[in-house]
Amino acid sequence: MAKQVSLPLYEKVARKNTTQRALDITLLFLLLSLLLYRFLSLSSHGFVWLLAFLCESYFTFNWFLIVNCKWNPVDFITYPQNLEKRFPELPPVDMFVTTADPVLEPPLITMNTVLSLLAVDYPADKLACYLSDDGCSPLTFYSLVEASKFAKLWVPFCKKYNVQVRAPFRYFLDDPLSSNSTGANSEFKQEWKKMKAEYEELCLKIEAASRKSVPCELRGEFAVFSNVERSNHPTIIKIITGEKKQSFSDDVPRLVYISREKRPKHPHHYKAGAMNVLSRVSGLLTNAPYMLNVDCDMFANNPQVVRQAMCGLLDSKSQREIAFVQSPQCFYDGPKDDPYGNQLVVLIEYVGRGVAGLQGPCYSGTGCFHRRNVIYGQWPQDVENHARNHTSINGKLVGNEVLIKEFGKSKRFSESATYALNGKKGFPNNLSDSLEEAFHVASCDYEFGTSWGNKIGWIYGSMTEDVMTGLMIHKKGWKSTWLMPKPPAFLGCAPSGGPATMTQQKRWATGLLEILVGRNSPIFGFLKGKLQFRMLLVYLWLLSWGLYSVPELLYATLPAYCIIANSQFLPKVQDPVILIPVAIFVIYNLLTIREHLKAGMSISAWWNFMKMGRITRTSAYLLAALTVVLKLFGLSETVFEVTQKDQSDSDGDGTKNGAIKFTFDESPLFVPGTTLLLVNLTALVIVSLGLAHDVGHGLGVGEVFCCLWVVLFFLPFLKGLFRSGKYGIPKSTIFKSTSLAIVFVFLCRTS
Ligand SMILES: O=c1ccn([C@@H]2O[C@H](COP(=O)(O)OP(=O)(O)O[C@H]3O[C@H](CO)[C@@H](O)[C@H](O)[C@H]3O)[C@@H](O)[C@H]2O)c(=O)[nH]1
Ligand SMILES: [Mn+2]
């Protein structure tokens, strides 16, 4: 026995990164030297010098924050083979999937996610899967009912043949019958064919239903969907499998459909609101101590995923330390060389692993296993009270009255919360009673006057509810850890095309900035809470993405401004000081190329990353910053715009034939980029016509080079000027940008 306890479940090993540290520090040192030089010569230069100094100060500070993030990278090793030796009785896990719109999020994608979860390699009676449908769509419900029938065949099939990819749409991409693998015996062949035919039938049914205005007759089970409007309907909860004990098949986990009540006058808090309803309803029905949450497109790609996560959560040290286990967001079928710079590979490899060496990764909304008691507000020190059978949250012992105040009026729910908080096993639930109560806790006024969204559950007030919720957890002194098995735990779709990518980036930057300037800012978390100092720096880096837009945009216009207004922001080429900016340029590029190559990416992926970095910062982040300013002045509300998930494999962006074309739409998101391009082009035309007085004799060379560099980054926009349809920049955008560019050039000339 004593031996078993010492069997490790999980280890964190520091990675060596001497070269990277040396490069990072050299760059920091060079940036500081540039600042010093600018500072000492401020008085002999004008406004342009000051502006450059301010922008570079911001870049230097940001670089310092990044170096902090990357400094202590770690690796994770899990030992799932030891799990059952130490915990013969594995704990229950409630799995949540959220969907919001059957058009942007095709039900077939969501169903594949659900099926992959139902089929994970974990005792089925320990799992329950809840689908939250903010679209209140009979199509989604219909698809789920059909998928649950298929699941009864699919789940046993996966377990019998130890299928690796348990999302059918991915699994059936390969034909194991064509390869002569030894495992392909004739029984398997037959079952495989049968399963494929069943899956195809499921797809046909869902597709046929989605072509109709109403997917099926709204009778019987479906009657509740007659006369519902998306944003105005009562709660719908349907236990699809596992309602009655006798019909609960041991092979397939419980499956529940929830569409929470929505009324036009009640704010519903987007995904955070949905997650809170899921927590409460599942608290009444199954009350598992662990909760996994995934977005509708993030299927479980590794059947061992729950076991892997339990390795990080179960031992007694992690009980007191680790609040959640986050799997990094990875994507399937990403176009070659990451043309939209949104596959996050390099970010996860360096920043992700580095942050894990500190207090742990930030919560990123999907692929995350949470402890229910932490979501209910427990602090690390509260865990000690378990043993004494006392309920405590936020560091204080609480009685029933307080519980009702914090968790809402449902007595049954407070009771279930007490169970969860005290780490007691099981919850005496009578499903039919609980179901009635579940409608109550899913209603839109249930949270009124409670701590939900404030101190308990998913926190409201930011478009990136995930980072906000994770921050609140880290503030209490909890740590978190990565789940990085091979193959990756979950895979999802990254948006493709210009508009979808920019909209997502804008939402992220908006949400992050909302946290930075809000009352839950990490600065208070550090001063008053238990957020570690270096973790504060991590959050500052992440939350300030939107702010970066301002210096980035100014700096990208500086060279053009200098050329048009006969000024300089860089030293002459003969001046030895020019070596500092040149070295910064060279080292920064070498360093980022090295990072990409080491992470297995190509040089083109590096270039796309650089290019998209500039494009997103000056476009999406700029609009995000503006949105937050408007919100601060009470002039606008922030809205969660759901990302389109692509279903077809024939890609509209020309990715299939290798040539990726950037796409545009009429959104104001493309105005800043187009304007920036036009301004830089104008400057280059002025130079080539010999109209720039100060260019020549070593003066202005740096500025001209920078202009060219900016134009190279904005090449997709340059091409967009000459293309039509979705590949072209709309006329209205060109018109707006040209007007802005003319005003800018005029101002430069008169300044
Ligand atoms: O009112 C809403 C809006 C969204 N969602 C769901 O939220 C998830 C994320 O939405 P998506 O459009 O896919 O956004 P992404 O930018 O891809 O998501 C990332 O960023 C979000 C925060 O901006 C996090 O919530 C996500 O977990 C994280 O994966 C999806 O499952 C949606 O169905 C809801 O349930 N209700
Ligand atoms: Mn998504």
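For the protein chain, an unreviewed UniProt entry supplies the name Cellulose synthase and the organism Corchorus olitorius.

Time to look at the packing of helix 19 (residues 498-517) against helix 21 (residues 533-543). As a packed pair, helix 19 and helix 21 sit with axes 8 Å apart at the nearest point and diverge in direction by 130 degrees. Accordingly, the angle class assigned to the pair helix 19 and helix 21 is oblique. When helix 19 is examined against helix 21, the residues Leu-512, Leu-513, Ile-515 and Leu-516 are found in contact with a partner set consisting of Leu-540, Leu-542 and Leu-543. Tallied by class, residues from the contact of helix 19 with helix 21 come to seven nonpolar, no polar and no charged.

This paragraph deals with the UniProt feature "transmembrane region" (unreviewed entry) in the protein chain. Under the UniProt annotation, the feature "transmembrane region" (unreviewed entry) is placed at residues 21-40, 46-67, 536-558, 578-597, 618-636, 669-692, 704-722 and 728-748. Strand forms 0% of residues 536-558 and helix 96%; the C-alpha atoms that close the span are 32 Å apart. As a span, residues 669-692 carries 75% helix and 0% strand, and end to end its C-alpha atoms are 31 Å apart.

If you check UniProt for "binding site: Mn(2+)" (unreviewed entry), the listed places come out as Lys-271 and Asp-295 in our numbering. Of the residues just listed, which span 25 residues, no C-alpha pair is farther apart than 9.6 Å, and they cluster in one region. Along the polypeptide, Lys-271 turns up in helix 9 (residues 270-285). If we skip the residues at most four places from it in the chain, Lys-271 touches Thr-98, Asn-293, Asp-295, Gly-365 and Glu-465. With respect to the element layout, Asp-295 can be found in strand 7 (residues 290-295). Looking at Asp-295, the relative accessible area reads 22%, which means it is partly exposed. In this structure Asp-295 touches Val-97, Thr-98, Thr-113, Lys-271, Gly-365 and Thr-366, once residues within four positions along its chain are discounted. Separated by 3.0 Å, the side chains of Asp-295 and Lys-271 make a polar contact.

Let us look at the domain arrangement of the protein chain. Split into domains, the protein chain comes out as domain 1 (18-71 + 515-644 + 660-750) and domain 2 (80-494). For domain 1 and domain 2, the distance between their C-alpha centroids amounts to 39 Å. Each side of the interface is counted separately: domain 1 has 42 residues, and domain 2 has 42 residues. Across the interface of domain 1 and domain 2, roughly 3,600 Å² is buried in total on both sides, 67% from carbon and sulfur atoms. Run the count over domain 1 and domain 2 and you get 11 residue pairs in polar contact (both at pLDDT 80 or more). Among the elements of the structure, helix 3 (47-70), helix 20 (522-528), helix 21, helix 23 (579-598) and helix 24 (603-632) are those that each provide at least two residues to the side of domain 1 that touches domain 2.

Below, the discussion takes up the sheet that holds strand 3 (residues 93-99). The strand order 5-6-4-3-7-10-9-13 describes an open sheet built from eight strands, whose pairing is mixed. Of all the strands in the sheet, just strand 5 (236-241) and strand 13 (479-482) have a single pairing partner and so form its edges. Pairs of neighbouring strands in the sheet enclose a mean axial angle of 20 degrees, with direction left out of account. Summarising the sheet, strand 9 (residues 322-326) and strand 13 pair through four bridges and their orientation is parallel. Within strand 13, the position partnered with Val-325 by the bridge is Thr-481. Packed onto the sheet, helix 6 (residues 138-160) meets strand 3, strand 4 (127-133), strand 5 and strand 6 (254-259) and runs at close to 15 degrees relative to strand 5.

Positionally, Phe-59 belongs in helix 3. Taking the C-alpha atoms as reference points, Phe-59 and Pro-551, separated by 492 residues in sequence, lie 8.0 Å from one another. Sequence-distant contacts of Phe-59, that is, excluding residues within four places in its chain, are made with Tyr-548, Pro-551, Glu-552 and Tyr-555.

The subject of this paragraph is the confidence of the model for the protein chain. On average, residues of the protein chain carry a pLDDT of 91, and 93% of them reach 70 or more. Taken together, the stretch residues 649-657 has pLDDT below 50 and engages in 20 contacts with residues farther than four places along the chain or on a different chain. What the predictor reports for the complex is a pTM of 0.95 with an ipTM of 0.99.

Let us look at the site of ligand 1. Among the 24 residues in the neighbourhood of ligand 1, the closest are listed as Asp-134, Lys-271, Asp-295, Glu-465 and Lys-645. One of the backbone N or O atoms of Gly-365 is found 3.1 Å from an oxygen atom in ligand 1. In isolation ligand 1 exposes 680 Å². Once the protein is present, 97% of that is buried. Only strand 3, helix 9, helix 18 (465-475) and helix 19 provide two or more residues apiece to the shell around ligand 1. Residue contributions to the shell around ligand 1 peak at three residues, all from helix 19. Looking at which domains feed residues into the shell around ligand 1, each of domain 1 (18-71 + 515-644 + 660-750) and domain 2 (80-494) supplies at least three.

Aromatic ring pairs are defined here through the distance separating the ring centres and the angle between the ring planes. Taken as a whole, this structure holds 58 aromatic pairs when the rule is applied. When the centroid spacing of 5.6 Å and the interplanar angle of 85 degrees are considered together, the rings of Tyr-555 and Phe-569 count as edge-to-face. Remark: Phe-569 occurs in the loop between helix 22 (545-564) and helix 23 and Tyr-555 occurs in helix 22; sequence separation between them is 14 residues. A centroid spacing of 6.0 Å and a plane angle of 15 degrees characterise the contact between Phe-705 and Trp-709, whose relative ring orientation is stacked. Residue Phe-705 and its partner Trp-709 are both found in helix 26 (residues 701-713); the two are separated by four residues, about one turn of the helix. Every member of this aromatic cluster is reached through a ring pair, and the members are Phe-150, Trp-154, Phe-157, Tyr-161, Tyr-171, Phe-172, Phe-188, Trp-192 and Tyr-199. The aromatic ring of Trp-452 is capped on one face by Arg-280, whose charged end is 4.8 Å from the ring centroid.

Our focus in this paragraph is the side chain of Arg-280. Looking at the element boundaries, Arg-280 is found in helix 9. According to the relative accessible area criterion, Arg-280 is buried, its value standing at 0%. Discounting residues that sit within four places of it in the chain, Arg-280 has contacts with Phe-413, Val-441, Tyr-446, Glu-447 and Trp-452.

Glancing now at the packing of helix 9 against helix 17 (residues 431-441). Where helix 9 contacts helix 17, the axes come no closer than 8 Å and their chain directions differ by 165 degrees. Classified by the angle their axes make, helix 9 and helix 17 are roughly antiparallel. Helix 17 is crossed by helix 9, and the crossing has right-handed handedness. Facing helix 9, whose interface residues are Arg-280, Val-281, Leu-284 and Leu-285, helix 17 presents Leu-431, Ser-434, Leu-435, Glu-437, Ala-438 and Val-441. Each residue belonging to the contact of helix 9 with helix 17 can be placed in one class, and the counts come to seven nonpolar, one polar and two charged.

Rules used in this analysis
Residues numbered from 1 in each chain as written. Chains lettered and ligands numbered in written order. Predicted model: local features only at pLDDT ≥ 70, side-chain atom pairs only at ≥ 80, totals over all residues. Heavy atoms only, no water. Axes fitted to C-alpha atoms, helices over the stretch in contact; angles between N-to-C directions. Helix = DSSP H or I, 4+ residues; strand = E, 2+ residues; numbered from the N terminus. Parallel < 35°, antiparallel > 145°, perpendicular 65-115°, else oblique. Contact = heavy atoms within 4.5 Å. Nonpolar A, V, L, I, M, F, W, Y, C, P; charged D, E, K, R; others polar. UniProt positions renumbered as here; feature names shortened; annotations may be inferred. Buried < 20%, exposed > 50% of the residue type's maximum accessible area, 1.4 Å probe, protein only. Polar contact = N/O pair within 3.5 Å; in protein donor to acceptor, adjacent residues only side chain to side chain. Domains from an automatic or database assignment. Buried area = accessible area lost by both parts, 1.4 Å probe. Pairing = 2+ DSSP bridges. pLDDT = per-residue confidence, 0-100. Near = heavy atom within 4 Å. Areas by Shrake-Rupley, 256 points an atom, 1.4 Å probe, with all protein chains shown as cover. Phe/Tyr/Trp six-rings, centres within 6.5 Å; stacked < 30°, edge-to-face > 60°. Lys NZ or Arg CZ within 6 Å of the ring centre and 35° of its normal. Left-handed = near helix turned anticlockwise from the far one by under 90°.

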